[in-house]
Amino acid sequence: MPELPEVEVTRQSFASRIVGARVLGLRLGKPLRWPLGCEPGSLVGGVVGEVVRRGKYLWLPLHTAGQAGVATGGLLMHLGMSGALSFGALGAPGAHDHFDLETSAGTLRLKDPRRFGAVVWSSGLGVDPAAKLLSRLGLEPFDSAFDGAYLHQKLRRRRQAIKLVLLGGDVVVGAGNIYACEALFDAGIDPRLRSERISRRRADLLSVAVRETLARALALGGSTLRDFHDAHGMAGAFQDEAGVYGREGQACRKCSTPIRRIVQAQRSSFFCPQCQQR
DNA sequence: CTGGGCTCCTGTCAGC
DNA sequence: TGCTGACAGGAGCCCA
């Protein structure tokens, strides 16, 4: 489900309601991708800070008062392929609810049927497994440093197909399978094009397309393909105006050529063979 | 360092 | 109706 727009929409739907809440308890279901990395009981009494997003991760700071003053750490959360968060006065957990953070303002619950998602404790000191996950991430697409010059520079020494570099997240974060396909469509670039062959001019177009695709999806509340919703339970609407994603065989909205589907790194890529050139 | 392939897990849907 | 295979919004890890 969750690419940058869905994660950001999720964050915005509960961040202001949970900030300042006190942790009352944790409930763990089946194992997620990685172990929590701390004693669940050690988080009780912590106060939730401002939730921030980095790439497709959410960082939930927890301030715990101890003998040595206020210690700051937090939980790094990732929704994986099928995760969704809910927040509020929630009922009994269902079969796929694998993490509950019970707070004085309500319960933050991760539902994740496939369990590719994760919740990992981090001391926030930059030396633990959670910090390592963040350290490999590329620029945020809305960072002013993410422009055509930066992108061109990064792509110059990459032989990999451009679609795979976008998915990799080490150049720019946030675009997953849907938005990587859509951004390449908007920029008129074939997803199979070797990154090193992208001109400066096309890098300009692509950097703009990535940013604008994600911004438009964000404004529409993300994409709901089967069951994505934010922490209020609201669905997204971007899927209704996708140019290529999920449209194999249908007419291109620009030129009417049938949209093609190919497989790259075991994942579907959708593109218009007419509008998107190598 | 780069790139390719595999892997984790469960649910849904198309086709026979 | 039931079985089987393909496919699904991610991304770390291992190996060449």
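None of these values were measured; they are calculated from a predicted model.

Novice: Honestly, the nonpolar core in this entry has me stumped. Any pointers?
Specialist: Nonpolar side chains in soluble globular proteins tend to end up buried together. Counting residues in each nonpolar core, the largest one holds 29 residues, and the members touching the most others are Ile 162, Leu 166 and Leu 206. Those elements giving two or more residues to this core turn out to be helix H3 (148–155), helix H4 (162–168), helix H5 (177–187) and helix H6 (200–219). In this structure Ile 162 touches Leu 155, Leu 184, Ile 189, Asp 190, Pro 191, Leu 193, Ser 195, Ile 198 and Leu 206, once residues within four positions along its chain are discounted. Ala 21, Val 48, Leu 58 and Leu 85 belong to the second largest nonpolar core, which has 26 residues in total.

Novice: I would appreciate a short explanation of the environment of Arg 192 in the present structure.
Specialist: Of note, Arg 192 is situated in the loop between H5 and H6. Its relative accessible area of 26% is what places Arg 192 among the partly exposed residues. It is 33 Å that separates the C-alpha atoms of Arg 192 and Asp 230, two residues lying 38 residues apart in sequence. Residue contacts for Arg 192: discarding those within four places in its chain leaves Ala 161, Arg 260, Ile 262, Gln 264, Phe 271 and Arg 278.

Novice: Where do I start with the protein's contact with DNA strand B in this structure?
Specialist: Within the structure, DNA strand B sits among Lys 30, His 96, Pro 113, Arg 114, Arg 115, Phe 116, Arg 158, Arg 159, Gln 160, Arg 226 and Gln 266. The sugar-phosphate backbone supplies 64% of the atoms of DNA strand B found within 4 Å of the protein. One of the side-chain nitrogen or oxygen atoms of Lys 30 is found 3.5 Å away from a phosphate oxygen of DNA strand B. Contacts to DNA strand B include His 96, whose side-chain N or O atom sits 2.8 Å from a phosphate oxygen.

Novice: I tried to follow unusual backbone geometry on my own but got confused; where do I start?
Specialist: If a residue is not glycine, its phi is most likely negative; likewise, a peptide bond is most likely trans. At Arg 115, a residue that is not glycine, the phi angle is positive and equals roughly 60°. With respect to the helices, strands and loops of the structure, Arg 115 is situated in the loop between strand S8 (106–111) and strand S9 (118–122). The residue Gln 266 is not glycine, and still its phi comes out positive at about 65°. Assignment of secondary structure puts Gln 266 in the loop between strand S10 (260–264) and strand S11 (267–271).

Novice: Explain the domain arrangement of chain A here, please?
Specialist: You'll often see interface size given as the accessible area lost when the parts meet. Per the domain assignment, the segments making up chain A are domain 1 (4–135) and domain 2 (148–271). Between domain 1 and domain 2, the contact holds 17 residues from the first and 17 residues from the second. Of the roughly 1400 Å² buried between domain 1 and domain 2, counting both surfaces, carbon and sulfur atoms make up 66%. In terms of surface lost to domain 2, no three residues of domain 1 exceed Pro 5, Glu 6 and Val 9, which account for 35% of the buried area on that side. Summed over the shared surface of domain 1 and domain 2, the result is zero salt bridges. For the interface between domain 1 and domain 2, the tally reads six residue pairs in polar contact (both at pLDDT 80 or more). Of all the secondary structure elements, the ones that give two or more residues to the side of domain 1 that touches domain 2 are helix H1 (4–18) and strand S6 (84–88). No other element matches the nine residues that H1 contributes to the side of domain 1 that touches domain 2. Of the residues in the side of domain 1 that touches domain 2, the class split is eight nonpolar, four polar and five charged.

Parameters at a glance
- Residues numbered from 1 in each chain as written.
- Chains lettered and ligands numbered in written order.
- Predicted model: local features only at pLDDT ≥ 70, side-chain atom pairs only at ≥ 80, totals over all residues.
- Heavy atoms only, no water.
- Core = buried A, V, L, I, M, F, W, Y, C linked by side-chain atoms within 4.5 Å.
- Buried < 20%, exposed > 50% of the residue type's maximum accessible area, 1.4 Å probe, protein only.
- Helix = DSSP H or I, 4+ residues; strand = E, 2+ residues; numbered from the N terminus.
- Contact = heavy atoms within 4.5 Å.
- Near = heavy atom within 4 Å.
- Polar contact = N/O pair within 3.5 Å; in protein donor to acceptor, adjacent residues only side chain to side chain.
- Domains from an automatic or database assignment.
- Buried area = accessible area lost by both parts, 1.4 Å probe.
- Salt bridge = Lys/Arg side-chain N within 4 Å of Asp/Glu carboxyl O.
- Nonpolar A, V, L, I, M, F, W, Y, C, P; charged D, E, K, R; others polar.

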